[in-house]
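# Breakdown of the fold
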Amino acid sequence: MVFMITCLIGFMLFKASPRSGIVKLVQLNNGHYIPAIGLGTWTMDDKEAREAIKMAVKIGYRHVDTAWRYHNEKGVGQALKDLILDKVIARNDIFITTKVWNTFHGRELAVQAIKESLANLGLDYLDLALIHWPTGFKAGTDDIYPRKSDGSIMPSDFSLIDTWKGMEDLFRQGLAKSIGVSNFNIKQLQRVLNEASIKPSVNQFETHPFLAQQELVDFCHNNSIAVIAYSPLRQADKELLNNPVLKNIALKYNKTVAQVALRWQIDRNVIIIAKSSRKERQMENINIFDFKLEDQEIKQITALNQNNRLIDIPGIQNHPEYPFDN
Ligand SMILES: NC(=O)c1ccc[n+]([C@@H]2O[C@H](COP(=O)([O-])OP(=O)(O)OC[C@H]3O[C@@H](n4cnc5c(N)ncnc54)[C@H](OP(=O)(O)O)[C@@H]3O)[C@@H](O)[C@H]2O)c1
């Protein structure tokens, strides 16, 4: 596999394969680079993840997003093992993210959780380890959603800062090259920034044209925290994929609505992870680096915002760290 790395005003581009074209690389606050598009794997089981990732890497993807909670880290690891054995890629050609689940909050538990994820993945380091949610759950109950009798979640005994210290420990131990958070709001990020010895490199959260989250995006960027958009297609929401504003822009560039929704994120410096198990859609989603939206079009898409959130966890709304009130 031949890599062509070119430096272009502030960011890098790489040509991963003849079919993928040029993919932008974004530099994190610690100097490491992350490909601006990754493959999401939520809802894939081990077998599906193994096949989908092998397909995606052959198309040109070099970034995979998983989590302990997705129960597919072993399948992700199998795909990597196959690809490395077949000499399609080397370990350091691909960016792998996983996440510390809510029942593993706390300084020591977070490190243990990442060690377990690394064992599942068959890797000795991650490119990125994230705290999956700010809402820690009670540890050690054997239930990944430990609930009280009224259905509400039992919170963790540890603070966010304890868990962040665990993230710093695993970074220092070389278990992850970068560390970050997911689903954190501005106040939670500010608390981490105030206490951290190592600043988070990333906040991963839901954003798509119906949930622009511009204030949170701006806060992250102003604090040198990269943004990763999850559910960037709002899980193939029909209303989104048929939106007339997006359709018009897609027509102009001879692209699909999905490609325009993804390119909007790239043009506001947001990294995307889109999930697809189908080759045609994986190709469609990565083929967004040969056009660029005009400022007016970026504004038009941002104005589609309806604060329309898809992802939440039932029973966490009374959790002291529930992130979505403010
Ligand atoms: N940190 C967090 O809390 C969190 C939460 C949610 C998600 N995530 C991560 O973000 C990733 C992406 O989010 P997501 O999976 O929720 O949603 P998504 O990527 O917005 O959408 C995935 C859905 O869209 C379909 N799809 C993909 N490309 C398409 C295209 N070009 N046209 C039409 N349909 C298309 C897929 O079906 P096919 O597979 O059949 O193509 C799948 O049903 C996840 O997989 C996960 O890795 C993180």
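As a reminder, the structure under discussion sits directly above these lines.
Overview of the structure. (Residues numbered from 1 in each chain as written. Predicted model: local features only at pLDDT ≥ 70, side-chain atom pairs only at ≥ 80, totals over all residues. Heavy atoms only, no water.)

## Some words on the site of the ligand
- Contacts to the ligand come from 29 residues, most closely from D65, S231, Q235, K275 and S276.
- Within the side chain of Q204, a nitrogen or oxygen atom sits 2.8 Å from a nitrogen atom of the ligand.
- Residue S277 places a main-chain N or O atom 3.0 Å away from an oxygen atom belonging to the ligand.
- In isolation the ligand has 900 Å² of accessible area, and contact with the protein removes 91% of it.
- The class makeup of the residues in the shell around the ligand is 11 nonpolar, 11 polar and 7 charged. (Near = heavy atom within 4 Å. Polar contact = N/O pair within 3.5 Å; in protein donor to acceptor, adjacent residues only side chain to side chain. Areas by Shrake-Rupley, 256 points an atom, 1.4 Å probe, with all protein chains shown as cover. Nonpolar A, V, L, I, M, F, W, Y, C, P; charged D, E, K, R; others polar.)

## Topic: the packing of helix 4 (residues 160–172) against helix 5 (residues 186–195)
- Following both chains from N to C, one finds helix 4 and helix 5 inclined at 55°, their axes separated by 10 Å at the closest point. Taken together, helix 4 and helix 5 sit at an angle that is classed as oblique. Seen along the crossing, helix 4 lies across helix 5 with a hand that is right-handed. Packed against helix 4, whose contacting residues are L160, I161 and W164, the element helix 5 presents Q188, R191, V192 and E195 at the interface.
- Broken down by class, the residue content of the contact of helix 4 with helix 5 amounts to 4 nonpolar, 1 polar and 2 charged. (Axes fitted to C-alpha atoms, helices over the stretch in contact; angles between N-to-C directions. Helix = DSSP H or I, 4+ residues; strand = E, 2+ residues; numbered from the N terminus. Parallel < 35°, antiparallel > 145°, perpendicular 65-115°, else oblique. Left-handed = near helix turned anticlockwise from the far one by under 90°. Contact = heavy atoms within 4.5 Å.)

## Observations regarding the nonpolar core
- Membership of the largest hydrophobic core comes to 103 residues, with the highest contact counts inside it found for I53, M167 and L170.
- Top element by residues in this core is helix 9 (residues 257–267). It accounts for 7 residues.
- With residues near it in sequence (within four places) discarded, I53 still touches L39, T41, V64, V76, A79 and L83. (Core = buried A, V, L, I, M, F, W, Y, C linked by side-chain atoms within 4.5 Å. Buried < 20%, exposed > 50% of the residue type's maximum accessible area, 1.4 Å probe, protein only.)

## Brief notes about the pairing of strand 7 (residues 95–100)
- Buried residues dominate strand 7, accounting for 6 of its 6 residues.
- With helix 2 (residues 73–85) bridging strand 6 (residues 63–65) and its parallel neighbour strand 7, the resulting β-α-β unit is right-handed.
- Crossover strand 7 to strand 8 (residues 126–131) through helix 3 (residues 107–121) is right-handed. (Right-handed = clockwise from strand over helix to strand, strands pointing away.)

## A look at the pattern of salt bridges
- Under the defined criterion, the tally for this structure stands at 15 salt bridges.
- Among the salt bridges present, the one from R172 reaches E168, with a minimum N-O distance of 3.9 Å. Of this pair, R172 and E168 both sit in helix 4, 4 residues apart, which is roughly one turn of the helix.
- Residue classification places E168 among the buried positions, given a relative accessible area of 4%.
- With its nearest N and O atoms 3.7 Å apart, the salt bridge here joins D237 to R234.
- Under the relative-accessibility criterion, R234 is labelled buried at 12%. (Salt bridge = Lys/Arg side-chain N within 4 Å of Asp/Glu carboxyl O.)

## A closer look at the sheet that holds strand 9 (residues 176–182)
- Spatially, the 8 strands close up into a barrel ordered 5-6-7-8-9-10-11-12, and their pairing is parallel. Each strand axis lies, on average, 30° off the axis of its neighbour in the sheet, ignoring direction.
- Contacts between helix 4 and the sheet are confined to strand 7, strand 8 and strand 9, with strand 9 contributing the most and set at about 160° to the helix. (Pairing = 2+ DSSP bridges.)

## A short note on the packing of aromatic side chains
- In the structure shown here, the tally under the stated rule is 8 aromatic pairs.
- On the basis of an interplanar angle of 65° and a centroid distance of 5.8 Å, the ring pair of W133 and F324 is categorised as edge-to-face. In this pair, W133 is assigned in the loop between strand 8 and helix 4 and F324 in the segment after helix 11 (295–302), connecting sequence segments 191 residues apart.
- Its relative accessible area of 4% is what places W133 among the buried residues.
- For F324, a relative accessible area of 17% corresponds to the buried category.
- The lysine or arginine in question, R263, covers the ring of F291, its NZ or CZ lying 6.0 Å from the ring centre.
- Above the ring of F324, the side-chain terminus of R309 is found at 3.7 Å from the ring centroid. (Phe/Tyr/Trp six-rings, centres within 6.5 Å; stacked < 30°, edge-to-face > 60°. Lys NZ or Arg CZ within 6 Å of the ring centre and 35° of its normal.)

## Notes on the pairing of strand 12 (residues 271–275)
- In terms of burial, strand 12 is a largely internal element, 4 of the 5 residues being buried.
- With 2 bridges connecting them, strand 11 (residues 226–230) and strand 12 associate as parallel partners. The residue of strand 12 that forms the bridge with I228 is I271.

## A short note on the environment of Q190
- Tracing the backbone shows Q190 in helix 5.
- Residues Q190 and N223 lie 33 residues apart in sequence; the distance between their C-alpha atoms is 9.4 Å.

## So, helix 4
- Along its 13 residues, helix 4 runs 18 Å from first to last C-alpha, staying within 8% of the 18 Å computed at 1.5 Å per residue.
- What helix 4 keeps buried is the set L160, I161, T163, W164, G166, M167, E168, D169 and L170.
- Tucked inside the fold, the buried residues of helix 4 contact strand 7, helix 3, strand 8, strand 9 and helix 5. (Expected span 1.5 Å × (residues − 1).)

Shape descriptors only; they carry no functional weight alone.
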